[in-house]
Amino acid sequence: MKPQPFTVHRGIAAPLLRRNIDTDTIIPSREIQLVSKQGLGDGLFAGWRYRTPGSRDPDPDFILNRGAYRDASILLAGANFGCGSSREHAVWALGEFGIRAVLAPSFGSIFRNNCTLNGILAVVVDEAAIGRLDDWVRADPRRNQLEINLENRLIAWKAGELLAFEIEPANRKLLLQGLDGIAVTLQQASAIDEFEAADRVVRPWVYRLP
Amino acid sequence: MPETLFDKLWRIHRVADPGQGECLVHLDRIFLHERTGSVALLSLEQSGRTVRSPERVFCTMDHIVDTRPGRGDATSVPHGARFIAATRDSARRAGIRLFDVNDPRQGIGHVIAAELGIVLPGMSVVCPDSHTCTLGALGALAWGIGSTEAEHALATGTLRVSRPGSMRVSFDGCVPAGVAPKDLIVHLISRFGSRAATGHAVEFAGPAIEAMPVEGRATLCNMAVEMGAFTGLVAPDERTVRYVRGREYAPTGGLWEQATRHWSGLHSDCDARFDRELRVDCAAIAPTVTWGTNPEQAVPIGSRVPDPDSFADPHQARAAARALKYMDLAPGTPTDAIRIDAAFIGSCTNSRLSDLRAAAGYLKGRRIAPWVRALCVPGSSSVKRAAEAEGLHEVFRRAGFEWREAGCSLCFHAGGESFGGQRVISSTNRNFQGRQGPGARTHLGSPLTVAASACRGYIRAAEPIA
């Protein structure tokens, strides 16, 4: 499946700055009811977003239920965002809600890979910079939008201010071009065949199963 | 150039370096389960692609399958039967081996992959499940992935991976009596934090690990991901070889000889350099329990829940305050004063025969407190049979525990069975908000701690045996 390419994105950013927000919180297991990558947006942050479990009665205290943040497409998050369960449903739910990018000091590794493979940019931004973005965004979230440019790895925020970020070249390429990773790897099918032919001699027990 | 164990495993499985900092890594085994594997198989089919090497792909029913006695496809999880049916159909069409609901080999993927000899030392294995790192206990390169990566793995037999850093945690000194592998790993995470190993493959080493049976090593490696690790690893040794020998899918005859020769080279060279090193003195570790909503929020049993104001880091202080509010605990509460409603023994962390023996050893001749509901869920159907052959099921039942069929069960709440609103002492790996049910308050501890706490009705370490 080809993800949506990510080149430049401008949008409202919502701060969710607590650390260690796990994928159980991003989408509780009880919200995963279909063998599908779809139908998950309503379950996003269900434990925080709704007043009671299973209901769809918005909790006005939760940030994504408040004013401009309802239209957020960027999350400013705390360290270790997306730790815990590998469930890719967390990323599918974020995508369905409309999130295109998450900025955090660090991420759960599997979650971050899942983001990249689904066209969502997960950018490492240090805590101090997240704090500055947070102050600025909160002042007027609808007007103070972030513009993330993956091509030149810059986040434009208040007038004239640019924040540079790093990203692995491979992930950047995947996101910019919206590549289907399987198709890319299958171009190396002969290298895989050769590896296995040689490996069968060295480690035959791996391949010979009862 | 001296190599770490991880360096060697990486080298053995490197197919190509496609550039841009990535490595194409060969996968010897792929494991799936009905929760996240089903959607990977379905999506692969819909894309018109096939599984490259179905004979090296295995699937189990563990996450959604019911664990109540007499189970079938019906499950308390709303729409759970969809996941079971979809997995069964896709597995059949893909030609992969499935350990179905009532297969005698069924169980939690990370438990059966080891006990059936499907995953062996030195192998690479992935599963769309974060606790795949459990299998690092065998000296395998095992890591958790998402469903899209699983699809890639199935279609190509490889994954493109950015190489993680290397890290070693040395457990020095002697482990005190009554201190379990679970206490070691929760202590480690509480001391160094839930991001201490982010982006690293962690090798657990030192005298305490050398003396530890493979099942204990599995508990340690299982929770490597709770400190952010790419995976956990223990170098295979004589204990590992003894563990693997004679397992259903383990090699025999000449292949066995060849395999064991290969495994004997799988250890970190003595002068190998790690990107990071941590040391822990085991003698200073006590039975440990979590008080918060992340595994790093833990203290020795018998001490007090911390005061958020005692944290120098304002983030940690705020996190502690939020966690205490959710956990309904006052700062400074002695752990001994925490009254529990429920007790759970199970999960890929602590559901193997040695875990059940440890708990049953305590429960023999005892009863759980009258206000406690307690469950024991063996990690596999094979563990269950072995435990029953020793009469452990009778010990658990007489003590007041429910004795279940194998599966992940109440390690997490998927909409069916629930510890909602209850305080639970649990041998699992995650004490996240709502993990075991809406409003459930989870305290992580070893199986022995769960047994002792269930009997007292309050969080307690087992009394030392005189």
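Cut-offs and rules
- Residues numbered from 1 in each chain as written.
- Chains lettered and ligands numbered in written order.
- Predicted model: local features only at pLDDT ≥ 70, side-chain atom pairs only at ≥ 80, totals over all residues.
- Helix = DSSP H or I, 4+ residues; strand = E, 2+ residues; numbered from the N terminus.
- Contact = placed C-beta atoms within 7 Å.
- Axes fitted to C-alpha atoms, helices over the stretch in contact; angles between N-to-C directions.
- Parallel < 35°, antiparallel > 145°, perpendicular 65-115°, else oblique.
- Left-handed = near helix turned anticlockwise from the far one by under 90°.
- Nonpolar A, V, L, I, M, F, W, Y, C, P; charged D, E, K, R; others polar.
- Pairing = 2+ DSSP bridges.
- Domains from an automatic or database assignment.
- Core = buried A, V, L, I, M, F, W, Y, C linked by C-beta atoms within 7 Å.
- Buried ≥ 20, exposed ≤ 12 C-beta atoms within 10 Å, placed from the backbone.

### Details of the overall build of chain A
Within chain A, the secondary structure is distributed over 9 helices and 8 strands. Taking the principal axes of its C-alpha atoms as reference, chain A extends roughly 65 × 45 × 25 Å. Taking the intrachain contacts of chain A between residues at least 6 apart in sequence as the baseline, contacts between residues at least 24 apart amount to 67%.

### Some thoughts on the packing of helix α2 (residues 37-46) of chain B against helix α3 (residues 80-94) of chain B
Residue and element names in this part refer to chain B. One way to put it is that α2 packs onto α3 with a least axis distance of 9 Å and a crossing angle of 50°. In this view, α2 runs oblique relative to α3, as classed from their interaxial angle. Considering only the axes of α2 and α3, their crossing is left-handed. Taken together, the residues of α3 that come into contact with α2 (itself represented by Gly37, Ser38, Leu41, Leu42 and Glu45) are Phe83, Ala86, Thr87, Ser90, Ala91, Arg93 and Ala94. Its residues placed into classes, the contact of α2 with α3 shows 6 nonpolar, 4 polar and 2 charged.

### Some thoughts on the environment of B:Ala91
Residues and elements named next belong to chain B. Topologically, Ala91 is positioned in helix α3. When the C-alpha positions of Ala91 and Thr60 are compared, they lie 9.9 Å apart, and in sequence the two are 31 residues distant. Leave out the neighbours within four places in its chain, and Ala91 touches Leu41, Cys59, Ile96 and Leu98.

### Examining the interface of chain A and chain B
Of the residues lining the interface, 51 residues belong to chain A; the matching set on chain B comes to 66 residues. Mapped onto the side of chain A that touches chain B, the elements with two or more residues apiece are α1 (23-26), α4 (109-117), α6 (169-177), α7 (181-186), α8 (189-202) and α9 (204-207) of chain A. The dominant element in the side of chain A that touches chain B, judged by the number of residues it contributes, is α4(A), at 5 residues. Of the residues in the side of chain A that touches chain B, the class split is 20 nonpolar, 18 polar and 13 charged.

### Some details on the sheet that holds strand β3 (residues 74-77) of chain A
Residue and element names in this part refer to chain A. Spatially, β2-β3-β4-β5 is the arrangement adopted by the 4 strands of the open sheet, whose pairing is parallel. Of all the strands in the sheet, just β2 (13-16) and β5 (121-124) have a single pairing partner and so form its edges. The mean angle between the axes of side-by-side strands here comes to 20°, regardless of whether they run parallel or antiparallel. Packed on one face of the sheet, helix α5 (residues 127-139) meets β2, β3 and β4 (101-104) and runs near 120° to β2.

### Some details on the sheet that holds strand β2 (residues 22-26) of chain B
Taking strand neighbours across the sheet as the criterion, the 3 strands line up as β1-β2-β8 (chain B) in an open arrangement whose pairing is antiparallel. Each edge of the open sheet is held by one strand with a lone partner, namely β1 (14-19) and β8 (158-162) of chain B. Each neighbouring strand pair of the sheet contributes to a mean axis angle of 30°, computed without reference to strand direction. Judged from the 3 bridges that link them, β1(B) and β2(B) form a sheet pairing that is antiparallel. Counted as the bridge partner of B:Ala16 is B:Leu24 from β2(B). Set on the sheet, α8(A) makes contact with β1, β2 and β8 of chain B; between it and β1(B) the angle comes to about 155°.

### Regarding the environment of A:Phe6
All names here are of chain A. Here Phe6 is to be found in the segment before β1 (8-11). Considered as a pair, Phe6 and Asp24 are 18 residues apart in the sequence and their alpha carbons are 26 Å apart. Look past the residues within four positions of Phe6 in its chain and what remains in contact with it is Arg100, Gly119, Leu121, Leu150, Leu175 and Leu176.

### Focus: the domain arrangement of chain B
Residues and elements named next belong to chain B. Here chain B is partitioned into domain 1 (23-161 + 238-263), domain 2 (165-236 + 268-284) and domain 3 (288-456). Here the C-alpha centre of domain 3 lies 27 Å away from the C-alpha centre of domain 1. Each partner contributes to the interface: domain 1 provides 24 residues, whereas domain 3 provides 20 residues. With 4 residues, helix α4 (residues 109-115) is the largest single contributor of residues to the side of domain 1 that touches domain 3. The residue makeup of the side of domain 1 that touches domain 3, split by class, is 9 nonpolar, 10 polar and 5 charged.

### A few points about the nonpolar core
In a soluble, globular protein the nonpolar side chains are often hidden away together inside. If you look at the biggest cluster of nonpolar residues, it comprises 210 residues, and the most contacted ones within it are A:Leu76, A:Val102, B:Val119, B:Val125 and B:Ala343. Look past the residues within four positions of A:Leu76 in its chain and what remains in contact with it is A:Ala13, A:Ala14, A:Pro15, A:Leu16, A:Leu17, A:Leu103, A:Ile130, A:Leu133, A:Asp134 and A:Val137.

### Details of unusual backbone geometry
Unlike most non-glycine residues, A:Arg153 shows phi in positive territory, near 55°. The phi dihedral of B:Asp328 falls on the positive side, at around 55°, and the residue is not glycine. By secondary structure assignment, the location of B:Asp328 is in the loop between α11 (314-327) and β15 (342-345). Given 11 C-beta atoms within a 10 Å radius, B:Asp328 is considered exposed.

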